[in-house]
Amino acid sequence: MADCSLALENLFLAANSIGLGTCYINQLHWLRNDSKFREFLFELGIPKEHTICSSAIVGYIDTPTIGPLRKEGTINIIK
């Protein structure tokens, strides 16, 4: 589970670097044993014996978000 999350983090960083947005989706993990859902995944080419840990969506962003501007050399200490 942790390895899958780390792999998705790398996917998110790569997508962001080329201007794409991402969103982590955990619900597929909870649906992994639903027979109709598993059949749908099989039709997509995902073998029935594979375990779903997590998933994501990737796409174009309508309005890119920009993080807060930071002053160079500023350090915030949180206690």
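Below is a summary of the structure that appears in this document.

What counts as what
- Residues numbered from 1 in each chain as written.
- Predicted model: local features only at pLDDT ≥ 70, side-chain atom pairs only at ≥ 80, totals over all residues.
- Heavy atoms only, no water.
- Helix = DSSP H or I, 4+ residues; strand = E, 2+ residues; numbered from the N terminus.
- Rg over C-alpha atoms; globule rule 2.2 N^0.38 Å.
- Buried < 20%, exposed > 50% of the residue type's maximum accessible area, 1.4 Å probe, protein only.
- Areas by Shrake-Rupley, 256 points an atom, 1.4 Å probe, with all protein chains shown as cover.
- Contact = heavy atoms within 4.5 Å.
- Expected span 1.5 Å × (residues − 1).
- Arc of directions from axis to C-beta.
- Patch = residues over 30% accessible without salt bridge, like charges linked within 9 Å, V, L, I, M, F, W, Y side chains within 5 Å.
- Salt bridge = Lys/Arg side-chain N within 4 Å of Asp/Glu carboxyl O.

### Structural notes on the overall build of the chain
Next up, step 1: Scanning the chain from terminus to terminus reveals three helices and two strands.
Next up, step 2: Scaling as 2.2 N^0.38, a compact globule of 79 residues should have a C-alpha radius of gyration of about 12 Å, whereas the chain reaches 18 Å, well beyond that.
Next up, step 3: Along the first, second and third principal axes, the C-alpha atoms of the chain reach 55 × 35 × 15 Å.
Next up, step 4: Counting every position in the chain, which comprises 79 residues, the buried fraction comes to 16%.
Next up, step 5: Carbon and sulfur atoms make up 59% of the accessible area of the chain, which totals about 7,000 Å².

### Examining the side chain of S54
Next up, step 1: You can see S54 is positioned in the loop between α3 (35-43) and β2 (55-60).
Next up, step 2: With residues near it in sequence (within four places) discarded, S54 still touches C4, L8, Y24, I25 and N26.

### A closer look at helix α1 (residues 2-17)
Next up, step 1: Compared with an ideal rise of 1.5 Å per residue, which puts 16 residues at 22 Å, α1 spans 23 Å between its outermost C-alpha atoms and is within 8% of the ideal.
Next up, step 2: Among the residues of α1, L8, F12 and A15 are the ones counted as buried. The buried residues of α1 all sit within an arc of 70° when viewed along its axis, so they share a single face. Projecting away from the buried face of α1 at angles above 90 degrees are the exposed residues A2, D3, L13 and S17.
Next up, step 3: The inward-facing, buried residues of α1 contact β1 (20-25) and β2.
Next up, step 4: Phi turns positive, to about 85°, at G19, one or two residues after α1.

### Remarks on α3
Next up, step 1: Three or more residues of α3 are buried, namely F37, R38 and L41. When α3 is viewed along its axis, its buried side chains cluster within an angular range of 100° and face the same direction. Turned more than 90 degrees away from the buried face of α3, the exposed residues are S35, K36 and E43.
Next up, step 2: The elements touched by buried residues of α3 are α2 (27-30).
Next up, step 3: A positive phi of about 100° marks G45, the residue just after α3.

### A closer look at a nonpolar patch on the surface
Next up, step 1: Together, F40, L44 and I46 make up an exposed nonpolar region whose accessible area comes to about 280 Å².
Next up, step 2: Here L44 lies in the loop between α3 and β2.
Next up, step 3: For L44, a relative accessible area of 54% translates into the label exposed.

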